[in-house]
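# Breakdown of the fold
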Amino acid sequence: MQLPYAEPYRIKMVEPIYQSTIEERKKWIKEAHYNLFNLKSDQVYIDLLTDSGTGAMSDRQWAEVMLGDESYAGSRSFQKLDNAVKDITGYKYFIPSHQGRAAENVLFSAMVKEGDIIPGNSHFDTTKGHIEFRKGQAIDCTIDEAYDTDVYHPFKGNIDLKKLQSVIDNNPIDKIPFLIITVTCNTAGGQPVSMQNIKAVSALCRRHGIKVIFDAARYAENCFFIKGREDGYKDKTIQEIAREMYSYGDGMTMSAKKDGLVNMGGIIALNDEDIYNNAVTFNIMYEGFVTYGGMSGRDMGALAVGLYEALDYDYLASRITQVQYLGEKMAEFGVPVQKPIGGHAVYLDANKFVPTIPKEEFRAQSLAIELYIIAGIRSVEIGTILADRDPVTRENRYPELELVRLAIPRRTYTHNHMEYLAAALKRIYDTRHEAKSGYRIVWEAPIMRHFTVKLDKI
Ligand code: F0G
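Here we summarise the structure given alongside this text. (Residues numbered from 1 in each chain as written. Predicted model: local features only at pLDDT ≥ 70, side-chain atom pairs only at ≥ 80, totals over all residues. Heavy atoms only, no water.)

## Notes on the overall build of the protein chain
Counting its secondary structure elements, the protein chain contains 16 helices and 14 strands. Compactness check: the protein chain gives a C-alpha radius of gyration of 22 Å against a globular reference of 23 Å for 458 residues, within 12% of the reference. In terms of its C-alpha atoms, the protein chain occupies a principal-axis envelope of roughly 60 × 55 × 50 Å. The contacts in the protein chain between residues at least 6 apart in sequence include a share of 72% that link residues at least 24 apart. (Helix = DSSP H or I, 4+ residues; strand = E, 2+ residues; numbered from the N terminus. Rg over C-alpha atoms; globule rule 2.2 N^0.38 Å. Contact = heavy atoms within 4.5 Å.)

In structure tokens:
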């Protein structure tokens, strides 16, 4: 008999969380203008707003915190991180930054010019933001399967080679400095990209002199999916798979708050000396000297250890199993979720969940609020509020997918928390027909409205 799955760690320190009542939560969410970003963390029982910087560090990482060398230049902690990044990626140059978007800011300052076109697989918001801020254009070349939550595809984060070819054919080649492969693809639902796809995209780009940059926030989880789902990788270690993946690219940016297993940190790694030299100048201006880039020595030490821990097969198996367990349990209850389940989060399909609420009244946001009121769970809307208004017509944009993301922090919640989450969703799903109305906006910012929007119940 095969023994059941269990976590490959035990708990040495606990953080109490307050279990509030429905009455308290109704009051708090009203005071927060029905915006989950406005809640205080003490008003939340299970916080699934993001898996970014919210994970638990290991005893070995905390030991590195005590060993942190806070020298301004050339610290031992930097040396440890420098060795780890180069060992894992195989790239020649490393620049630290304080988080993922800071790494983007530095690298894109060196690589993106006005009028440039940067194709990729559903660029993350900040990535797209840093391209558009420089008057460049991010073109999404993700495969169509990614937009249907019911279609099974083992690598829904893949880039469509025909779409990419068409971008190359229809634009001056000197306007396409690089392409971004986001592993796993957050915007498409934490969906992985296959090695075969990475290889083919890289070959096509290299034929045209286009560089390939990875957005590697969740690259270890992507490598775990490659090992489990792709022929030829079953017997390779995660680190070997990662090394092969990086060999098809020219560099990477990474939010270390995900697969770096730390609460704050970012990475740039590169092979090109000229781009590196250029980026170093921007790093010194925006982030700090090149041997700390906005991070404390102790944080760099913890990250050096975290990067290796995130490549450990048992850790990844337990991480991905937990997320899959939650998603599959919900699917069993009939709750409409994005399939297959992504690496870091379960996505609820609000159009299928609450079609009784008019779409003008923000289905996904309504569902996220209900989940908070009923169970104290904080999730995040990835739907109409996030999609914002059309810059010209100022009409609401209704995206193809109206989702609620339940992002699972790493090594933080237990199996019982997953059972609680699934049961809470079943309860809401069973009474979904009673949901007839949603929310209306009473105040919003001209851009990025989702963070500060104020809503009222209809
Ligand atoms: N790239 C991806 C794929 C991300 O998911 C994120 C952040 C970033 C870049 C930016 O990194 O936050 O360290 O500046 N994603 C978080 C999330 C915020 O909730 O998905 P950052």
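## What to know about the site of the ligand
Within the structure, the ligand sits among 16 residues, and Thr50, Arg101, Asp215, Ser255 and Lys258 are positioned closest to it. In the environment of the ligand, a nitrogen atom lies 2.7 Å from a nitrogen or oxygen atom belonging to the side chain of aspartate 215. Within the side chain of serine 255, a nitrogen or oxygen atom sits 2.6 Å from an oxygen atom of the ligand. Expressed as a share of its isolated accessible area of 470 Å², the protein-covered part of the ligand is 93%. The element contributing the most residues to the shell around the ligand is helix H4 (residues 100-111), with three residues. Per-class residue counts for the shell around the ligand are one nonpolar, eight polar and seven charged. (Near = heavy atom within 4 Å. Polar contact = N/O pair within 3.5 Å; in protein donor to acceptor, adjacent residues only side chain to side chain. Areas by Shrake-Rupley, 256 points an atom, 1.4 Å probe, with all protein chains shown as cover. Nonpolar A, V, L, I, M, F, W, Y, C, P; charged D, E, K, R; others polar.)

## Things to note about the sheet that holds strand E12 (residues 403-407)
Read from one edge to the other, the open sheet built from three strands follows the order E9-E12-E11, with strand pairing classed as antiparallel. Only two strands of the sheet have a single partner each, and these edge strands are strand E9 (345-349) and strand E11 (380-382). Averaged over all neighbouring strand pairs, the angle between strand axes comes to 30 degrees, with direction disregarded. Pairing geometry for E11 and E12, over three bridges, is antiparallel. Looking at the pairing, isoleucine 382 lines up with leucine 403 of E12. Against the sheet, helix H12 (residues 313-332) touches E9 and E12, its axis set at about 20 degrees to E9. (Pairing = 2+ DSSP bridges. Axes fitted to C-alpha atoms, helices over the stretch in contact; angles between N-to-C directions.)

## Focus on the packing of aromatic side chains
Tallied over the full model, the rule gives 15 aromatic pairs. A centroid spacing of 5.0 Å and a plane angle of 70 degrees characterise the contact between phenylalanine 37 and phenylalanine 451, whose relative ring orientation is edge-to-face. In this pair, phenylalanine 37 sits in the loop between helix H1 (22-31) and strand E1 (46-47) while phenylalanine 451 sits in the loop between strand E13 (439-443) and strand E14 (454-457), placing the two residues 414 residues apart along the sequence. You can call phenylalanine 37 partly exposed: its relative accessible area is 29%. A network of ring pairs unites the aromatic residues Tyr91, Phe214, Tyr219 and Tyr246 as a single cluster. Across from the ring centre of phenylalanine 333, 5.5 Å away, lies the NZ or CZ of lysine 426, which sits over that ring. Sitting over the ring of tyrosine 429, arginine 432 keeps its end group 3.8 Å from the ring centre. (Phe/Tyr/Trp six-rings, centres within 6.5 Å; stacked < 30°, edge-to-face > 60°. Buried < 20%, exposed > 50% of the residue type's maximum accessible area, 1.4 Å probe, protein only. Lys NZ or Arg CZ within 6 Å of the ring centre and 35° of its normal.)

## With respect to the pattern of salt bridges
Taken as a whole and judged by the stated rule, the model has 28 salt bridges. Its salt-bridge partner being arginine 60, residue aspartate 59 comes within 2.7 Å of it at the nearest N-O pair. (Salt bridge = Lys/Arg side-chain N within 4 Å of Asp/Glu carboxyl O.)

## What about the nonpolar core?
Ile181, Phe214, Tyr219, Tyr246 and Leu307 are the most contacted members of the largest nonpolar core, which totals 62 residues. Ranked by residue count, the leading element in this core is helix H8 (residues 219-229), at six residues. Here this core spans two domains, since at least three of its residues come from each of domain 1 (22-51 + 312-457) and domain 2 (59-309). Not counting the four nearest positions on each side in its chain, tyrosine 219 is found in contact with Ile88, Val183, Thr184, Ala242, Met245, Tyr246, Met254, Asp259, Leu307 and Leu311. Core analysis: the next-biggest nonpolar cluster, separate from the first, contains 47 residues, Val337, Ala364, Tyr372 and Ile428 among them. (Core = buried A, V, L, I, M, F, W, Y, C linked by side-chain atoms within 4.5 Å. Domains from an automatic or database assignment.)

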